[in-house]
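Reading the structure
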Amino acid sequence: MILSQEDLKIKYKEYSDVKGKIRREVAVGNLIPLMRGLYETDATVSGKYLAGHIYGPSYLSFDYALSVHSLIPETVFNTFTSATFKKSKTKTYQNQFGTFIYKDVPEAVYSLGILIKEEGSNTYLIATPEKALCDKLYSLPPVNTIKGLRSLLFEDLRIDESEFRKLNTDELCELAPLYKSTTLNKLVKLIRRQ
């Protein structure tokens, strides 16, 4: 369970030294620090359930979501990449649960293409495969040719071509122009050629 500093002040209100009580709970492992003023009580919880609480609003995307959706061959362990907006710079947090990286996407696309996943009592937000690919391409330096884009997709990023062909092309063609990105405009052209 995620608890904020305020939650803990209420929970430990009978203690004269609440900060001391929190430090002791951290020392014995009952509270695991996520970031300043935010704690987790379950040492075994997956970082995917924590990412949206550490910094937000955010949803899991980029390499993490591409891996989950089998678009890249690498399995991403303990690195949780998320999309935000209007934050202007990349933020990184590290704790016992992993590395949490937050990058901006345009506000116009932020709320599109997000899935709400429920697993037991936990929920988290993750980009659709199409949105994760758009977010990833947006975060990279521009590519000006279709040939360059093919090389980026299938050689540099190692996108699985059979999984790429399964993507919803209508969704990609609706999303991509909203990023106002040269690379994503080339993606639409590549899709329409296939």
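Report follows, based on the coordinates. It should be emphasised that the depicted structure is a prediction, and the values quoted were computed from it without experimental measurement.

A short note on the overall build of the protein
Secondary structure summary: the protein contains 10 helices and 9 strands in total. Across the 194 residues that make up the protein, the buried fraction comes to 45%. Contacts in the protein between residues at least 24 apart in sequence constitute 55% of all its contacts with a sequence separation of at least 6. Of the roughly 10,600 Å² that the protein leaves accessible, carbon and sulfur atoms contribute 49%.

As for the packing of aromatic side chains
Following the criterion strictly, the structure yields 11 aromatic pairs and no others. Aromatic pair Y138 and Y179: ring centres 5.5 Å apart, planes at 50 degrees, arrangement tilted. With Y138 in helix α6 (residues 129-138) and Y179 in the loop between α9 (169-175) and α10 (182-193), the pair connects residues that are 41 residues apart, well separated along the chain. On the basis of relative accessible area, Y138 is assigned to the partly exposed category, the value being 32%. Under the relative-accessibility criterion, Y179 is labelled buried at 3%. Within the aromatic cluster, the residues linked to one another by ring pairs are Y55, Y93 and Y102. The side chain of K87 reaches across the aromatic face of Y55, ending 5.2 Å from its centre.

Regarding the pairing of strand β6 (residues 91-95)
Sheet topology note: the β6/strand β7 (residues 98-104) ladder contains 5 bridges and is antiparallel. Each residue of the ladder has a partner; that of N95, found in β7, is G98. Hairpin connection from β6 to β7: 2 residues lie between these consecutive antiparallel strands.

Examining the packing of α6 against α10
Relative orientation of the contacting elements α6 and α10 amounts to 135 degrees, with a least axis distance of 8 Å. One way to sum up the angle between α6 and α10 is to call them oblique. In this structure, α6 meets α10 at a crossing whose hand is right-handed. Contacts between α6 and α10 involve C134, L137 and Y138 on the former and, on the latter, T183, L184 and L187. Counted by class, the contact of α6 with α10 contains 5 nonpolar, 1 polar and no charged residues.

A short note on the pairing of β7
One face of the sheet, then the other: side chains in a regular strand alternate in exactly this way. With 5 of 7 residues buried, β7 lies mostly within the body of the structure. When strand β5 (residues 79-84) meets β7, the two strands line up parallel, connected through 6 bridges. Paired with T84 across the bridge in β7 is D104.

As for the environment of K87
By the secondary structure assignment, K87 is in the loop between β5 and β6. Leaving out residues up to four positions away in the same chain, K87 has contacts with Y55, G56, P57 and D104.

Considering helix α2 (residues 18-27)
Every buried residue of α2 is accounted for by V18, G20, K21, I22 and E25. Just downstream of α2, G29 is the residue with a positive phi angle, here 90 degrees.

Remarks on helix α7 (residues 146-156)
Turning to α7, its buried residues are I146, L149, L152, L153 and F154. For α7, the buried positions fall inside an angular range of 160 degrees around the axis, keeping them on one side. Exposed residues lying more than 90 degrees from the buried face of α7 are K147, E155 and D156. Buried-residue contacts for α7 involve α6, α8 (161-165) and α10. Following α7 by one or two positions, R158 adopts a phi angle in the positive range, close to 60 degrees.

Calculation notes
- Residues numbered from 1 in each chain as written.
- Predicted model: local features only at pLDDT ≥ 70, side-chain atom pairs only at ≥ 80, totals over all residues.
- Heavy atoms only, no water.
- Helix = DSSP H or I, 4+ residues; strand = E, 2+ residues; numbered from the N terminus.
- Buried < 20%, exposed > 50% of the residue type's maximum accessible area, 1.4 Å probe, protein only.
- Contact = heavy atoms within 4.5 Å.
- Areas by Shrake-Rupley, 256 points an atom, 1.4 Å probe, with all protein chains shown as cover.
- Phe/Tyr/Trp six-rings, centres within 6.5 Å; stacked < 30°, edge-to-face > 60°.
- Lys NZ or Arg CZ within 6 Å of the ring centre and 35° of its normal.
- Pairing = 2+ DSSP bridges.
- Axes fitted to C-alpha atoms, helices over the stretch in contact; angles between N-to-C directions.
- Parallel < 35°, antiparallel > 145°, perpendicular 65-115°, else oblique.
- Left-handed = near helix turned anticlockwise from the far one by under 90°.
- Nonpolar A, V, L, I, M, F, W, Y, C, P; charged D, E, K, R; others polar.
- Arc of directions from axis to C-beta.

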